[in-house]
Amino acid sequence: MEPIQIGSLTCKPLHPTFVAEISGVDFSQVPLPQNVIDDLVAAQNRFAVTVYRDTGLDDARHVKFSQQLNECELCPKFGGPAQPDRFSDPHLFDAGNMNLDGTLIQKDTRRWWYNKGNALWHTDSSFNQHRSKYSLLLAHLVPQEGGDTQFADVRTAYDDLPQEKKDEIEDLVIEHDLWWSRQIAAPEEFKSVTQHEKNAKQPAYHKLVQVGPDGRKTMFIAAHAKRVMGWSQEKSTKLITELIEHCTQPKYTCSVKWYHPGQLVWWDNRISMHRATPFSDQMEKRDMRRTTVFDDGPEAYGVPDAPQMELGGSLPPA
Ligand code: OGA
Ligand code: MN
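Residues numbered from 1 in each chain as written. Chains lettered and ligands numbered in written order. Predicted model: local features only at pLDDT ≥ 70, side-chain atom pairs only at ≥ 80, totals over all residues. Heavy atoms only, no water.

The name given to the chain in an unreviewed UniProt entry is Putative alpha-ketoglutarate-dependent 2,4-dichlorophenoxyacetate dioxygenase, with Calocera cornea HHB12733 as the source organism. As recorded by UniProt, the Sequence similarities (unreviewed entry) comment attached to the chain reads in full: "Belongs to the TfdA dioxygenase family." (UniProt positions renumbered as here; feature names shortened; annotations may be inferred.)

Rendered as structure tokens:
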């Protein structure tokens, strides 16, 4: 696939419909000039997932660059028993497999099971009522083998749905719940999520069919999606499973390999899904740090009054 030029950026597509490796950015100069940010956002809107091989970014510049894109989430703390942060900056989310002292997170601990949720196709932070648009994952240590991150092109998958399915789902609202995806990933470990944990992270409500930042239609659905408002759990699960399976067919997916520390992958959660893949996590360290940038688009705050609407019967019944 031929590289294309967006302003000062060279974009080498890694898949026929999305994902590109970008070159031409000098990350030693953060904050980046506004014209470069504009080109990067244009590339992001076009490709949904962009890859930067040798950024040389450190924690401080990673956060500062992310904040040029909008305000960033503070790292959530629902991972289980108090887990001290490895990082000094509270905006960095730990997607690695190490404890504070540098040892590996042991198999079958709660934190290990919690991380297993990342192996499900998901969109970051869809369980927040103020959702996030971007995630920027920076590698600090990469395993010798495995641990690729896979992405799915939801816009193209939506385009390819039959018209009857598009009509059926057009006005649906979805409940997204962190504990739902955790129970799917690790039913035994998260069977007994406490009321305290549930209160700390309550569900959020978002429209299923949305218009993406480039004007194309897309779907906001993945592992945290629990049910369709107004529908039974059984009917909801059937539709949600069907749509995730549709979007993650091999033709819509692309696996991104992590080559070196300093590699950055930036994705748009509104128009893609992603998942982690296995590596020898009991043998090798994988140190990955993520910033998560709040959405400021028209769907940023979703449909917070959906539960009341459901009680009032103003959503279509199942
Ligand atoms: C994430 C995530 C996948 C990976 O950081 O949000 O899902 O491969 N990471 O680490
Ligand atoms: Mn993720």
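There's plenty left to go through after this.
Student: I tried to follow the overall build of the chain on my own but got confused; where do I start?
Tutor: A count of helices and strands for the chain gives nine helices and 16 strands. In terms of overall size, the chain behaves like a compact globule, its C-alpha atoms giving a radius of gyration of 19 Å where 318 residues would be expected to give roughly 20 Å. Relative to its full complement of 318 residues, the chain shows a buried share of 53%. When the accessible surface of the chain is totalled, it reaches about 14,100 Å², and 53% of it is carbon and sulfur. Charge separation in the chain, taken as the distance between the mean sites of 35 positive and 44 negative side-chain charges, equals 2 Å. (Helix = DSSP H or I, 4+ residues; strand = E, 2+ residues; numbered from the N terminus. Rg over C-alpha atoms; globule rule 2.2 N^0.38 Å. Buried < 20%, exposed > 50% of the residue type's maximum accessible area, 1.4 Å probe, protein only. Areas by Shrake-Rupley, 256 points an atom, 1.4 Å probe, with all protein chains shown as cover. Lys, Arg positive; Asp, Glu negative; His and termini not counted. Charge placed at Lys NZ, Arg CZ, Asp CG, Glu CD.)

Student: Would you mind showing me how to read the nonpolar core here?
Tutor: The tendency in soluble globular proteins is for nonpolar side chains to be buried side by side. Counting residues in each nonpolar core, the largest one holds 25 residues, and the members touching the most others are V25, L32, L40 and F65. When contributions to this core are tallied by element, the ones reaching two or more residues are β2 (9-13), β3 (20-23), α1 (34-47), β6 (132-141) and β14 (264-268). Looking at which element gives the most residues to this core, the answer is α1, with five residues. Not counting the four nearest positions on each side in its chain, L32 is found in contact with V25, D26, F27, I37, L40, F65 and Q68. (Core = buried A, V, L, I, M, F, W, Y, C linked by side-chain atoms within 4.5 Å. Contact = heavy atoms within 4.5 Å.)

Student: How do you make sense of the site of ligand 1 when you look at a structure like this?
Tutor: Around ligand 1 lies a shell formed by A95, N118, H122, D124, L137, T149, W267, H274, A276, R286 and R290. With respect to ligand 1, the side chain of H122 contributes an N or O atom lying 3.1 Å from an oxygen atom. Residue composition of the shell around ligand 1, by class: four nonpolar, four polar and three charged. (Near = heavy atom within 4 Å. Polar contact = N/O pair within 3.5 Å; in protein donor to acceptor, adjacent residues only side chain to side chain. Nonpolar A, V, L, I, M, F, W, Y, C, P; charged D, E, K, R; others polar.)

Student: Before we go on, may I ask you to explain the environment of K116 in this structure?
Tutor: With respect to the helices and strands, the residue K116 is situated in helix α3 (residues 110-116). The partly exposed category is assigned to K116, whose relative accessible area is 32%. Distance from K116 to A276, taken between C-alpha atoms, is 8.5 Å for residues 160 residues apart in sequence.

Student: Help me understand the sheet that holds strand β1 (residues 4-6) in this model?
Tutor: Strand pairing in a sheet is mediated by backbone hydrogen bonds. Such pairs are either parallel or antiparallel. Ordered in space as β1-β2-β3-β4-β14-β6-β16-β5, the eight strands form an open sheet in which the pairing is mixed. The open sheet is flanked by β1 and β5 (93-94), the only strands paired with a single partner. Bridge count for β6 against strand β16 (residues 287-294) is eight bridges, and the pairing is antiparallel. Bridge pairing links Y134 to V293 in β16. Along the sheet, helix α2 (residues 59-67) makes contact with β6, β14 and β16, crossing β16 at roughly 20 degrees. (Pairing = 2+ DSSP bridges. Axes fitted to C-alpha atoms, helices over the stretch in contact; angles between N-to-C directions.)

Student: When you look at the pattern of salt bridges in this model, what are you seeing that I'm missing?
Tutor: Any two side chains of opposite charge can pair if their charged atoms end up close together. A full pass over the atoms with the stated rule returns 22 salt bridges. Residue D287 is joined to R86 by a salt bridge in which the shortest nitrogen-to-oxygen separation is 2.9 Å. Residue D287 is found in strand β16, and its partner R86 is found in the loop between α2 and β5; the two are separated by 201 residues along the sequence. In this structure, D287 and R86 share a single accessibility class: buried. With a shortest N-O distance of 3.3 Å, R111 and D94 are connected by a salt bridge. With R111 in helix α3 and D94 in strand β5, the pair connects residues that are 17 residues apart, well separated along the chain. For R111, a relative accessible area of 15% gives the class buried. (Salt bridge = Lys/Arg side-chain N within 4 Å of Asp/Glu carboxyl O.)

Student: Explanation requested: the sheet that holds strand β9 (residues 204-207) in the structure shown.
Tutor: What the three strands build is an open sheet, ordered β9-β8-β12; its pairing is antiparallel. In this open sheet, the two edge strands, each paired with only one partner strand, are β9 and β12 (225-228). Across this sheet, the average inter-strand angle for adjacent strands is 35 degrees, counted without regard to direction. In this structure, strand β8 (residues 173-176) lies alongside β9, joined through four bridges in antiparallel fashion. Residue pairing across strands places I174 opposite H206, the latter belonging to β9. In this fold helix α8 (residues 233-247) packs onto β8 and β12, with an angle of close to 120 degrees to the strand it touches most, β12.

Student: How should the coordination of the manganese ion (ligand 2) be read in this particular structure?
Tutor: Six octahedral donors around a metal ideally sit at 90 or 180 degrees from one another, while four tetrahedral donors ideally sit at 109.5 degrees. The coordination sphere of the manganese ion (ligand 2), as far as protein atoms go, consists of H122 (NE2), D124 (OD) and H274 (NE2), spread over 2.1 to 2.2 Å. Positions of the donor residues of the manganese ion (ligand 2), expressed as sequence spacing, correspond to H-x1-D-x149-H. With H122 in the loop between α3 and β6 and H274 in strand β15 (residues 272-276), this pair connects stretches of sequence that are 152 residues apart. The exposure classification of H122 matches that of H274, with both residues buried. (Donors = N, O, S within 2.8 Å, 3.2 Å for Na, K, Ca; no water.)

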